[in-house]
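# Breakdown of the fold
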Amino acid sequence: FNGVIGIATGGSTTTVAAPQMDAVTRSSLRERALAVLESAAISEDPLLRANALEALQIAPTRAETRARVALADENLGVRYVAAMTVGELGLQRLAPLVEPLLNDSAPQVRAAAIYALTSLGRKVDPSPLAGMLRSTDPSVRSTAAFVLGELGNPR
């Protein structure tokens, strides 16, 4: 970042100088933003919980704390994001909490668990993903395809 921001205005770009912040101000703003995300991660709204957890990935220690709880969330979307977060951040300590998700009632969560455990170097049978690719539910198919892509499987 060079302190300059380009702002698109009606087909042209105007360049303006970004406000300069000292390290203390920047750190304070970061902490306030993380506090907002941590609060959202325990919201009543599952969409907020899932999005907050995903955003907390910029602070792995805080994401790990929230993912630990989110792996057992009642909402399948939150469990999915939690498992994907574990895999993306390499949160080895949470592997035992991900393992039960291999038998989750939601195929999307099972796919995320396969991703997480494979990313952590655990031996996991990826073959359920093939069955998910044949699902009549487009959400299940797209999740399986996404997970296979994230695992680096070109098929």
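Below: a short report on this structure. (Residues numbered from 1 in each chain as written. Predicted model: local features only at pLDDT ≥ 70, side-chain atom pairs only at ≥ 80, totals over all residues. Heavy atoms only, no water.)

## Section: the overall build of the chain
- The secondary structure content of the chain amounts to 8 helices and 2 strands.
- A burial count over the chain gives 37% of its 155 residues as buried.
- Put simply, of all contacts in the chain between residues at least 6 apart along the chain, 47% involve residues at least 24 apart.
- Split by element, the accessible area of the chain, about 9100 Å² in all, is 56% carbon and sulfur. (Helix = DSSP H or I, 4+ residues; strand = E, 2+ residues; numbered from the N terminus. Buried < 20%, exposed > 50% of the residue type's maximum accessible area, 1.4 Å probe, protein only. Contact = heavy atoms within 4.5 Å. Areas by Shrake-Rupley, 256 points an atom, 1.4 Å probe, with all protein chains shown as cover.)

## Considering the packing of helix α3 (residues 60–70) against helix α4 (residues 76–89)
- Where α3 meets α4, the axes come as close as 9 Å, and the angle between the chain directions of the two elements is 140°. With respect to their mutual orientation, α3 and α4 come out oblique. Every pair of crossing elements has a handedness; the one defined by α3 and α4 is left-handed. The residues of α4 that touch α3, namely those facing P60, A63, A67 and A70, are V78, R79, A82, T85, V86 and L89. (Axes fitted to C-alpha atoms, helices over the stretch in contact; angles between N-to-C directions. Parallel < 35°, antiparallel > 145°, perpendicular 65-115°, else oblique. Left-handed = near helix turned anticlockwise from the far one by under 90°.)

## Regarding the nonpolar core
- Membership of the largest hydrophobic core comes to 34 residues, with the highest contact counts inside it found for L71, V86, V98 and L129.
- Here this core takes 8 residues from helix α6 (residues 107–119), the largest share from any one element.
- V98 has contacts with L71, V86, A113, A116 and L117, leaving out every residue within four places of it along the chain.
- One finds L34, L37, A52 and A63 within the second-largest nonpolar core, a separate group that totals 8 residues. (Core = buried A, V, L, I, M, F, W, Y, C linked by side-chain atoms within 4.5 Å.)

## With respect to the pattern of salt bridges
- The final tally for this structure, using the stated rule, is 7 salt bridges.
- The salt bridge involving R93 is made with E64; its shortest N-O contact spans 2.7 Å. Here the residue R93 occupies a position in the loop between α4 and α5 (95–98), and E64 occupies one in helix α3, the gap between them amounting to 29 residues.
- Relative accessible area serves as the criterion here: at 9%, E64 is assigned to the buried category.
- A salt bridge links R122 to E99, with the nearest nitrogen and oxygen atoms 3.6 Å apart. Of this pair, R122 sits in the loop between α6 and α7 (128–133) while E99 sits in the loop between α5 and α6, placing them 23 residues apart in sequence.
- You can call R122 partly exposed: its relative accessible area is 32%. (Salt bridge = Lys/Arg side-chain N within 4 Å of Asp/Glu carboxyl O.)

## Considering the environment of A111
- By the secondary structure assignment, A111 is in helix α6.
- For A111, a relative accessible area of 0% puts it in the buried group.
- On a C-alpha basis, the gap between A111 and L129 in space is 6.5 Å, while along the polypeptide they are 18 residues apart.
- Setting aside chain neighbours within four positions, we find A111 in contact with L129, M132, T143 and V147.

## Let's talk about the side chain of R49
- Mapped onto the fold, R49 is located in helix α2 (residues 46–55).
- In terms of polar contacts, R49 uses its side chain to reach the backbone carbonyl oxygen of S43, at 2.9 Å.
- Not counting the four nearest positions on each side in its chain, R49 is found in contact with A40, A41, I42, S43, E44, D73, E74, N75 and V78. (Polar contact = N/O pair within 3.5 Å; in protein donor to acceptor, adjacent residues only side chain to side chain.)

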